[in-house]
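# Summary of structural features
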Amino acid sequence: MMSQIREANIPTVTLNNGVQIPQLGFGVFQVPAEDTQRIVEDALEAGYRHIDTAAAYRNEAGVGAAIAASGLPREEIFITTKLRNGEQGTAHEAFQHSRVALGIDYVDLYLIHWPVPSQGLFTQAWKTMEKLYAGGEIRAIGVSNFLSDHLDTLLESSEIVPTVNQIEIHPTFQQRDLAAKSRSLGIAVEAYSPLGQGADLDASAVKSLAARYGATPAQIVLAWHLAQGTIVIPKSAHSARMRENLGAAALQLAPAEIAQISALESGARAGSDPAVAAHSQL
């Protein structure tokens, strides 16, 4: 049943190095460590095959325990984790710590979590990640929260173009120029806080489309993301809602309906501004 759900409903995006990533994944931001194994097991049972975590979330071990308990072949599960801001100068050691915590031999996607331009270390971290990629310990490397100038700085000194830029995107905060630039460079766009931390689900355009399709507001917003080729990682602690969110992959919105949701743009950032964010995450 689980493989049928994956094959029938969840599209994949081919990254610039040929690796395929499930377009609809499952995020574990702010999932307590003690609940992570249970919640990720539920997500895998529901049909998710892409799990997104980070060292800063302090729940990598729970993700790894869930993967081990699932009995699923390792190659069927796409695992993303991220480098802490305070460990950009020791990226090799930080990666190995994450890999061991996850209990796996390789990571599918490893991201620099934030650029933290004030410390000037993200290009150094990237060079380390390029070596780990060359050694086969990571299948794809990418970035998160990188603005246009951060991408420019990275590309000036890098050998490898990032496969992914994971950024805050939802109907009221779309970062269209940044998403377009990322894509023009061959960098796939991945949305975190894809539902605007729930706030965007109350928009009248979203509610009316949900009523029209007999869908949940979350399914409508996720379908909007998927229609634009964006990778998306919603989070829920509830098994029924996990399954509902997966149903977004079966929704095909009309161009005019996509435009209705896109018109909700208001510049309402929910998270930190990457231009100045400098939290250590330690």
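Because the structure is a prediction, the values reported are computed rather than measured.

How each quantity is defined
Residues numbered from 1 in each chain as written. Predicted model: local features only at pLDDT ≥ 70, side-chain atom pairs only at ≥ 80, totals over all residues. Heavy atoms only, no water. Helix = DSSP H or I, 4+ residues; strand = E, 2+ residues; numbered from the N terminus. Buried < 20%, exposed > 50% of the residue type's maximum accessible area, 1.4 Å probe, protein only. Contact = heavy atoms within 4.5 Å. Areas by Shrake-Rupley, 256 points an atom, 1.4 Å probe, with all protein chains shown as cover. Lys, Arg positive; Asp, Glu negative; His and termini not counted. Charge placed at Lys NZ, Arg CZ, Asp CG, Glu CD. Pairing = 2+ DSSP bridges. Right-handed = clockwise from strand over helix to strand, strands pointing away. Arc of directions from axis to C-beta. Phe/Tyr/Trp six-rings, centres within 6.5 Å; stacked < 30°, edge-to-face > 60°. Salt bridge = Lys/Arg side-chain N within 4 Å of Asp/Glu carboxyl O. Polar contact = N/O pair within 3.5 Å; in protein donor to acceptor, adjacent residues only side chain to side chain.

### A few points about the overall build of the protein
For the protein, the helix and strand inventory stands at 11 helices and 10 strands. Oriented by its inertia axes, the alpha-carbon framework of the protein measures out at about 50 × 40 × 35 Å. Across the 282 residues that make up the protein, the buried fraction comes to 54%. Look at the contacts in the protein between residues 6 or more apart in sequence, and 75% of them connect residues 24 or more apart. For the protein, the accessible surface area stands at approximately 11400 Å², while carbon and sulfur atoms represent 51% of it. Each charge class in the protein can be summarised by its mean position, and for the 20 positive and 29 negative side chains these summaries are 2 Å apart.

### Overview of the pairing of strand β5 (residues 78–83)
The buried fraction of β5 is high, at 6 of 6 residues. One ladder, built from 3 bridges, connects strand β4 (residues 50–52) with β5; its direction is parallel. By the bridge assignment, H50 is partnered in β5 with F78. Once you follow β4 into helix α3 (residues 60–70) and on to β5, the crossover reads as right-handed. When β5 meets strand β6 (residues 107–112), the two strands line up parallel, connected through 4 bridges. Considered in β6, the bridge of T81 is made with Y110. Handedness of the crossover joining β5 and β6 through helix α4 (residues 91–102): right-handed.

### Structural notes on helix α6 (residues 148–157)
All buried positions along α6 are accounted for by H150, L151 and L154. All buried residues of α6 fall inside an arc of 100° around its axis, so they share one side. Those residues of α6 that are buried are in contact with α5 (122–134), β7 (138–144), β8 (164–168) and α7 (176–184).

### As for the packing of aromatic side chains
Applying the stated rule across the entire model yields 4 aromatic pairs. Note on F29 and Y57: the rings are 5.2 Å apart at their centroids and 55° apart in plane angle, and the pair reads as tilted. Here F29, found in the loop between β3 (26–27) and α2 (33–46), pairs with Y57, found in the loop between β4 and α3; they are 28 residues apart in sequence, far enough to count as distant. Relative accessible area serves as the criterion here: at 16%, Y57 is assigned to the buried category.

### Things to note about the side chain of R84
Take R84: it is sitting in the loop between β5 and α4. Residue R84 is classed as buried on the basis of its relative accessible area, which comes to 12%. The residues contacting R84, other than those within four sequence positions of it, are A55, A56, R58, S280, Q281 and L282.

### Quick notes on the sheet that holds β5
If you trace the 8 strands from one edge of the open sheet to the other, you get β3-β4-β5-β6-β7-β8-β9-β10, paired in parallel fashion. One side of each edge strand has no neighbouring strand; the edge strands of this open sheet are β3 and β10 (231–232).

### Here's the deal with the side chain of E168
Examined against the element boundaries, E168 turns out to sit in strand β8. Although buried, E168 forms no salt bridge, and the nearest oppositely charged side chain, R269, lies 4.3 Å from it. For E168, the side chain forms a polar contact with the side chain of H170, separated by 2.8 Å. Among the polar contacts listed, one links the side chain of E168 to the backbone nitrogen of G271, at a separation of 3.0 Å.

Just distances and angles here, no functional claims.
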